[in-house]
Amino acid sequence: MNFNIEILYNLKDIKYNIFIGFCCGIISSYIVSYIPILYTDIIKILIKNDITKDDNNILQNYIYMYLLYKYSSNIFAAIRGYIFTIYCFLINIKIKKKVIESLFNKDLNYYAENKNSEIIDIVANDSAKYADLYTLIINIFFRNISHFFIITYILYNKSYKLYILCLIFSLIQFSIAHYYNIYFYDNSVNSTNEIINKFNNLITDYVNKIETYRSLGLEYNTYNKLNNYCNILNNLKNKEGYYYGISLFIRNCIDGSVICLLIICGLNLNISNKIIYEFTIYVYEFIHIFNELINIKKDITCKKKSINKINDLISYNKIDLWGNFMYSNIFNFIPNIKIKDVSFAYSENNNILTNFSLDILPYEIIGISGKSGSGKSTMLKLLLGLYNCDNGSILIDNIPIKNFDKNYFYNNIISYVGQEPVLFDTNIDDNIIIDYDNYDIELFNYIKSLIEDIKITDNNINLSGGEKQRIAICRAFMKKTKILLLDEPTSALDEDNEKKVLELINDLHKKYKITIIIVSHKKSTLNICNKIVKIN
């Protein structure tokens, strides 16, 4: 089902609430449209030189009616605002859930083909913009259209000639201000925003890579670039202020000119002063409606990019499909691995593995060696199911890996420690113990000997690569899975810590009967392996 249609289909559960919101908006607009007339009647009596007792009674009635209309319109506007705020959020959540569900099922190629910041933006911001399109924008559009027709009905019946002139003058006033902003002021604002983005991107890159910038001696050049951006911004802001000042001057001059033209035309058409005054008030209502409709058009254009990004995500066809196989008893699982004629390429011109085969017996420690770029790490990622083979198959206990239930596979069958271990922003114990409700205290106390020298921190910012590696290895063992993949597990370790890690691997391998695959360039690490396979 098309995602746009699916979202509209999901709205059926709340269609009556949204309909009530639309009705409240239209009723509010209808009532508001008559308030200027009451206001005119009040002013007409107040400017009289001699106000009679009857005038006072009429004035009092007008004031009561004015307050009634004002409060009534605000009540309906408040109900409309409440409904659309709540249901815009609900639609936003529905879209966000759909996006997150889609992300969880995407092949890793999607993440490789798109920037992380853009993917995060889809979840954080684009789903809200998508929801706005279906609620707030549609609400504002209908509210303004209904307001326009109600005002048209009121004014046309008072003087159709002055109504046409009022509409023409309003369009002229709006067009001059609008096109001035497009060709002058908006261009200036866009230029300013472009430089601000460049400034922010550079300072963000510097903060994230400060060691690289400093060690390469790039700080002086970076400072000069930032300083240059500041100078450019100063000039652009002066220019922007100049255009903004002219914009205010033009708008205010035209406002006054339009009012005068309306009055002159009204007098020449022998229209009463009261009606002429009412038209001068409604001129601004027309301009406000035109501005709102233009802003809706801008919003739709702006949000179209968000809509396209979400649709592209949903329709991305490389899906990470898994089955639902789970062992009734994990002790029935035998961790043997068969890799049959596997071929894989990240892209058409980047073949990594071609017709690669390997049988790994249960409870072995297998070493994988080979030159950089030969496909060692890629093979581990294929075993993990992070990527799909282009050809061939990978079987674990004679079961294709993608036949397993995804969560079951990662929680019970296989664990992995990568070349650059990633820790969570929490303390060391929380990084090692994934599930506090179900963990082996004896095992935890045993493996903690590997990290007892690491200073405890809350966010792991100052930990070395070797310390992170040891914590990640402990975390993998705590999962107690039957297969463990280690990618360069000792590359950042000194000789003493490498010895501790290898002893731990040997001890836990024997105790828990684990099949272990180690990718390494270090002979000292591969010495613990039962067999070493070299990938060319």
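Residues numbered from 1 in each chain as written. Predicted model: local features only at pLDDT ≥ 70, side-chain atom pairs only at ≥ 80, totals over all residues. Heavy atoms only, no water.

**Focus on the overall build of the chain**
In terms of regular secondary structure, the chain is built from 16 helices and nine strands. Taking 536 residues into account, the globule formula puts the C-alpha radius of gyration at 24 Å, and the chain, at 35 Å, lies well above it. Structurally, the chain occupies a C-alpha span of about 110 × 60 × 45 Å along its principal axes. Residue pairs in contact within the chain that sit at least 24 positions apart in sequence constitute 79% of those at least 6 positions apart. Of the roughly 30,100 Å² of accessible surface on the chain, 56% is carried by carbon and sulfur atoms. (Helix = DSSP H or I, 4+ residues; strand = E, 2+ residues; numbered from the N terminus. Rg over C-alpha atoms; globule rule 2.2 N^0.38 Å. Contact = heavy atoms within 4.5 Å. Areas by Shrake-Rupley, 256 points an atom, 1.4 Å probe, with all protein chains shown as cover.)

**Some points on the pairing of strand β1 (residues 337-345)**
Relative to strand β2 (residues 351-360), β1 runs antiparallel, the two sharing six bridges. When the sheet's bridge partners are listed, Ile339 is paired in β2 with Leu358. Joining the antiparallel neighbours β1 and β2 is a turn of five residues. Strand direction decides the pairing type here: β1 and strand β4 (residues 391-396), joined by five bridges, are antiparallel. Paired with Lys338 across the strands is Leu395, a residue of β4. (Pairing = 2+ DSSP bridges.)

**A word on the sheet that holds strand β9 (residues 531-535)**
Sheet architecture is open: five strands sit in the order β6-β7-β8-β3-β9, paired in parallel fashion. With one partner strand each, in any of the chains shown, β6 (414-417) and β9 form the two edges of the open sheet. For this sheet, the mean angle separating the axes of adjacent strands, direction not counted, is 15°. Bridging between strand β3 (residues 365-370) and strand β8 (residues 515-519) involves four bridges; their strand directions are parallel. Of the residues in β8, the one forming a bridge with Gly367 is Ile518. Its contacts with the sheet place helix α14 (residues 465-478) against β6 and β7 (483-487), and it is angled at close to 180° to β6. (Axes fitted to C-alpha atoms, helices over the stretch in contact; angles between N-to-C directions.)

**Describing the packing of helix α2 (residues 15-46) against helix α9 (residues 273-315)**
Axis separation between α2 and α9 bottoms out at 10 Å; the angle between their running directions is 135°. It follows that α2 is oblique to α9 by the angle criterion. Remark: the crossing between α2 and α9 carries right-handed chirality. On the side of α2, the interface is formed by Ser33, Tyr34, Pro36, Ile37, Tyr39, Thr40, Asp41, Ile43 and Lys44, while α9 contributes Lys274, Tyr277, Glu278, Ile281 and Tyr282. (Parallel < 35°, antiparallel > 145°, perpendicular 65-115°, else oblique. Left-handed = near helix turned anticlockwise from the far one by under 90°.)

**Topic: the layout of surface pockets**
Where empty space is left can be seen by rolling a probe of water-molecule size over the atoms. By volume, the largest pocket is sized at about 1,700 Å³. Taken together, 47 residues make up the lining of the largest pocket; nearest its centre are Tyr410, Asn411, Ile414, Ser415 and Lys479. Looking at the lining of the largest pocket, the elements with two or more residues in it are α4 (108-113), α10 (376-384), α11 (406-413), β6, α14 and α15 (495-512). Put simply, the second largest pocket is a space of about 330 Å³. Considering the residues around the second largest pocket, the lining is formed by 15 residues, among which Glu118, Ile122, Asp126, Lys305 and Lys309 are closest to the centre. When contributions to the lining of the second largest pocket are tallied by element, the ones reaching two or more residues are α5 (116-158) and α9. (1 Å grid on protein atoms, 1.4 Å probe; cavity = no way out; pocket = protein on both sides within 12 Å on 5 of 7 lines; lining within 4 Å. Points joined across faces, edges and corners; volume = space filled by probe spheres on them.)

**Let's talk about the sheet that holds β1**
As summarised here, the arrangement of the four strands in space is β2-β1-β4-β5, forming an open sheet in which the pairing is antiparallel. Strands at the two margins of the open sheet, each flanked by one partner only, are β2 and β5 (399-400). Set on the sheet, α10 makes contact with β1, β2 and β4; between it and β1 the angle comes to about 115°.

**Section: the packing of aromatic side chains**
Throughout the structure, instances matching the rule amount to 30 aromatic pairs. With 5.5 Å between their ring centres and 90° between their planes, Tyr346 and Tyr387 make a pair best called edge-to-face. One end of the pair, Tyr346, is in the loop between β1 and β2; the other, Tyr387, is in the loop between α10 and β4, with 41 residues separating them in the sequence. Ring plane angle 75° and centroid distance 5.3 Å describe the contact between Phe409 and Tyr410, whose orientation is recorded as edge-to-face. Judged by its relative accessible area of 0%, Phe409 is buried. Members of the aromatic cluster, each reached through a chain of ring pairs, are Phe148, Phe149, Tyr156, Tyr160, Tyr163, Phe174, Phe286 and Phe290. (Phe/Tyr/Trp six-rings, centres within 6.5 Å; stacked < 30°, edge-to-face > 60°. Buried < 20%, exposed > 50% of the residue type's maximum accessible area, 1.4 Å probe, protein only.)

**Considering a nonpolar patch on the surface**
A contiguous nonpolar surface patch, about 540 Å² in accessible area, is contributed by Tyr156, Tyr160, Ile164, Ile168, Ile172 and Ile176. One can find Tyr160 in helix α6 (residues 160-208). (Patch = residues over 30% accessible without salt bridge, like charges linked within 9 Å, V, L, I, M, F, W, Y side chains within 5 Å. Salt bridge = Lys/Arg side-chain N within 4 Å of Asp/Glu carboxyl O.)

**A look at empty space enclosed by the protein**
Taken as a whole and assessed by the stated rule, the structure comprises one cavity of 30 Å³ or more. Its volume calculated, the largest cavity comes out at about 40 Å³. What lines the largest cavity is Ser415, Ala476, Phe477, Lys480, Thr481, Ile483, Leu484 and Ile514. Where the lining of the largest cavity is concerned, the elements lending two or more residues are α14 and β7. A breakdown of the residues in the lining of the largest cavity according to their chemical character gives five nonpolar, two polar and one charged. (Nonpolar A, V, L, I, M, F, W, Y, C, P; charged D, E, K, R; others polar.)

**Notes on the environment of Asn427**
Relative to the elements of secondary structure, Asn427 occurs in the loop between β6 and α12 (428-432). Sequence spacing of Asn427 and Cys230 is 197 residues, and the spatial spacing of their C-alpha atoms is 40 Å. At a separation of 3.2 Å, a polar atom in the side chain of Asn427 contacts the main-chain amide nitrogen of Asp429. (Polar contact = N/O pair within 3.5 Å; in protein donor to acceptor, adjacent residues only side chain to side chain.)

**With respect to the nonpolar core**
Ranked by internal contacts, the top residues of the largest apolar core, which has 35 residues, are Ile339, Ile368, Met379, Leu383, Ile396 and Ile413. Other than its neighbours up to four places away in sequence, Ile339 contacts Phe356, Ser357, Leu358, Asp359, Met379, Leu383, Ser393 and Ile394. (Core = buried A, V, L, I, M, F, W, Y, C linked by side-chain atoms within 4.5 Å.)

**A short note on the pattern of salt bridges**
Pairs may arise between side chains of opposite charge once their charged atoms sit close together. Under the defined criterion, the tally for this structure stands at 16 salt bridges. As a salt-bridge pair, Arg143 and Glu292 come within 3.4 Å of each other at their nearest N and O atoms. Residue Arg143 is located in helix α5, and its partner Glu292 is located in helix α9; the two are separated by 149 residues in the primary sequence. Notably, a salt bridge pairs Glu278 with Lys274, separated by 2.5 Å at the nearest N-O pair. Of the two residues, Glu278 and Lys274 are both situated in helix α9; the distance of four residues between them amounts to about one turn of the helix. Salt bridges linked by common partners bring Asp41, Lys158, Lys274 and Glu278 together as one network.

These results come straight from atomic positions and should not be treated as a statement about function.
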